[in-house]
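A structural walkthrough
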Amino acid sequence: QDQYNDYKDQLDSLKQQQHNLEEGADDKSSMKKWIKNLEHQRSELLLVVKKQMKLIDILKQQRAHVEAAALLNITERDFMKEVNCG
């Protein structure tokens, strides 16, 4: 009877260890999924930042063109005044 109880206790202990190992494997798997998800989000964020930088460059170019057009307009008006007055 004592030997039976010892074996039963050993079996229960082994079952508990197996259960703990399975839970650890599940935790490891979920952690890997979480890390993969974070890496994907990071790559998406980097892509968005690159696109924003391109848009900023385009806006700067457009602003420079608008300023140049405004200066040309002023210069053209001044020229026409000179031509008309002269």
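This text follows the structure it describes.
Below: a short report on this structure. (Residues numbered from 1 in each chain as written. Predicted model: local features only at pLDDT ≥ 70, side-chain atom pairs only at ≥ 80, totals over all residues. Heavy atoms only, no water.)

What the chain contains, in helices and strands, is one helix and zero strands. Against the 2.2 N^0.38 benchmark of 12 Å for 86 residues, the chain shows a C-alpha radius of gyration of 37 Å, more extended than a compact globule. Projected onto its principal axes, the C-alpha coordinates of the chain cover approximately 125 × 10 × 5 Å. Residue burial in the chain is summarised as follows: out of 86 residues, 0% are buried. Total accessible area on the chain is roughly 8,600 Å²; 58% of this is exposed by carbon and sulfur atoms. The positive charge centre, built from 14 side chains, and the negative charge centre, built from 15, are 10 Å apart in the chain. (Helix = DSSP H or I, 4+ residues; strand = E, 2+ residues; numbered from the N terminus. Rg over C-alpha atoms; globule rule 2.2 N^0.38 Å. Buried < 20%, exposed > 50% of the residue type's maximum accessible area, 1.4 Å probe, protein only. Areas by Shrake-Rupley, 256 points an atom, 1.4 Å probe, with all protein chains shown as cover. Lys, Arg positive; Asp, Glu negative; His and termini not counted. Charge placed at Lys NZ, Arg CZ, Asp CG, Glu CD.)

A cluster of acidic side chains, namely D2, D6, D9 and D12, defines a negative patch on the protein surface. You can see D12 is positioned in helix α1 (residues 2-85). (Patch = residues over 30% accessible without salt bridge, like charges linked within 9 Å, V, L, I, M, F, W, Y side chains within 5 Å. Salt bridge = Lys/Arg side-chain N within 4 Å of Asp/Glu carboxyl O.)

The next point concerns a nonpolar patch on the surface. A cluster of nonpolar side chains, M31, W34, I35 and L38, forms an exposed patch at the surface whose accessible area comes to about 400 Å². Positionally, L38 belongs in helix α1.

What follows concerns the pattern of salt bridges. Evaluated as defined, the whole model comprises one salt bridge. E67 is paired through a salt bridge with R63; the nearest N and O atoms lie 3.2 Å apart. A residue pair is termed a helical-turn pair when its members lie 3 or 4 positions apart in one helix, as E67 and R63 do in helix α1 at four residues.

Okay, the environment of I35 next. Structurally, I35 is set in helix α1. I35 sits in the partly exposed class, given a relative accessible area of 39%. C-alpha of I35 to C-alpha of E82: the two residues are 47 residues apart in sequence and 70 Å apart in space.

Within the secondary structure, L72 sits in helix α1. Each C-alpha atom, one on L72 and one on N37, is 52 Å from the other, the two residues being 35 residues apart in sequence.

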